[in-house]
Every structure is written in structure tokens, then in C-alpha cells.
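# Breakdown of the fold
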Amino acid sequence: MKKIILILALFFTTLQVNALEDCIVAADGQLYDIRIENHDIIDVYPLITIKNDKNILIVHPLKTGITAFTVLKNGKDRHYFSVKVDENQTIIKGDDCFSILSLDEPPADDGFELDLPPSEIQMEIK
């Protein structure tokens, strides 16, 4: 009986951990002063790069719900983003001057092909 309870507990715990998807918000200017409406639902932090451009934010969902955050672009314009976090996806709506990408989905561009695994390449060469 203990084994069954342990297996069920592990199953439900892993479902909650893998259900939420991170997103990236990118702009052409520097982003400052991030203000989150509800810190229990999402966490927003800047991506640190070698050049330290400060133009990329990572939105990390913590649990499902609806919230919003604002960011100051180039030190003068404040932009508003509404965020809806579901178990399957994170939806961010904001201005058109920002690029919003999901980290869990491949790009929608159909112009690329995946390389063959090394074992199949060797078989084709022979």
C-alpha cells in the first residue's frame, strides 16, 4: 500500500513540475524596472548576456492564474503585459514592439530540416 501511495505522489508531483512553459520577451531597447502584479503566479527576470544589453526578459510561471507585469523601456516608456498561465501554455499579450517567444515550442518556420543521426549518415555513405 505504501508503494502505491508513493508512486501516485511521484506521478502527481512530476505532472505539476513539467506543465508550465517559460517565455522570452525581447525588445530593441534596454528594459528596466520590472513590476509584477502577482509574484505568486510568475517571476520575471532579465537575461544576463556577455554584452549586458538588458533587452531580454524571461517569464517563468510558478502556478496557473492571470496576472500582469510592466517594464520600463529605454528609461522613459512603461509597457504593460497581461499574462495568462494555463497548465499547457503561457499566453503573454503586450505591445507590438516586443518579440514574445515560447521556450518549449520550436520555431514556426518550416524552412529547416533536422540533421540525420550519426548512425544513419554512416549507413548512407557506405
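The structure presented is a predicted model; accordingly, all values stated were derived computationally and were not measured.

Rules of the game
- Residues numbered from 1 in each chain as written.
- Predicted model: local features only at pLDDT ≥ 70, side-chain atom pairs only at ≥ 80, totals over all residues.
- Heavy atoms only, no water.
- Core = buried A, V, L, I, M, F, W, Y, C linked by side-chain atoms within 4.5 Å.
- Buried < 20%, exposed > 50% of the residue type's maximum accessible area, 1.4 Å probe, protein only.
- Helix = DSSP H or I, 4+ residues; strand = E, 2+ residues; numbered from the N terminus.
- Contact = heavy atoms within 4.5 Å.
- Pairing = 2+ DSSP bridges.
- Axes fitted to C-alpha atoms, helices over the stretch in contact; angles between N-to-C directions.

### Describing the nonpolar core
- Core analysis: the largest hydrophobic core is formed by 18 residues, its most contacted members being Val25, Ile42, Val59 and Phe69.
- Sorting the residues of this core by element identifies strand S1 (23-26), strand S2 (31-36), strand S3 (42-46), strand S4 (56-61), strand S5 (65-73) and strand S6 (77-85) as the ones contributing at least two each.
- Not counting residues within four places of it along the chain, the set of residues in contact with Val59 comprises Asp22, Cys23, Val25, Ile42, Asp43, Val44, Phe69 and Ile92.

### With respect to the pairing of S6
- Taken together, the nine bridges between S5 and S6 define a ladder with antiparallel strand orientation. Within S6, the position partnered with Gly65 by the bridge is Val85.
- As consecutive antiparallel partners, S5 and S6 are separated by three residues, and within that stretch Asn74 has a phi angle of approximately 60°, a positive value.
- Between S6 and strand S7 (residues 90-93), which pair antiparallel and follow one another directly, the connecting turn spans four residues.

### Some remarks on the environment of Ile34
- Mapped onto the secondary structure, Ile34 falls in strand S2.
- The class of Ile34 is partly exposed, set by a relative accessible area of 27%.
- When the C-alpha positions of Ile34 and Pro46 are compared, they lie 8.9 Å apart, and in sequence the two are twelve residues distant.
- When sequence neighbours within four positions are dropped, the list of residues in contact with Ile34 reads Val44, Tyr45, Pro46, Leu57, Phe69, Thr70 and Val71.

### Some thoughts on the side chain of His79
- Mapped onto the secondary structure, His79 falls in strand S6.
- Filtering out sequence-adjacent residues up to four positions away, His79 remains in contact with Phe69, Thr70, Val71, Lys73, Asp95, Cys97 and Phe98.

### Section: the sheet that holds strand S8 (residues 99-102)
- Ordered in space as S3-S4-S1-S8, the four strands form an open sheet in which the pairing is antiparallel. The sheet is open, and its two edges are formed by S3 and S8, each paired on a single side. Direction aside, the axes of adjacent strands within the sheet are offset by 20° on average.
- Bridging between S1 and S4 involves four bridges; their strand directions are antiparallel. Each bridged residue has a counterpart across the sheet, and for Cys23 the counterpart in S4 is Val59.

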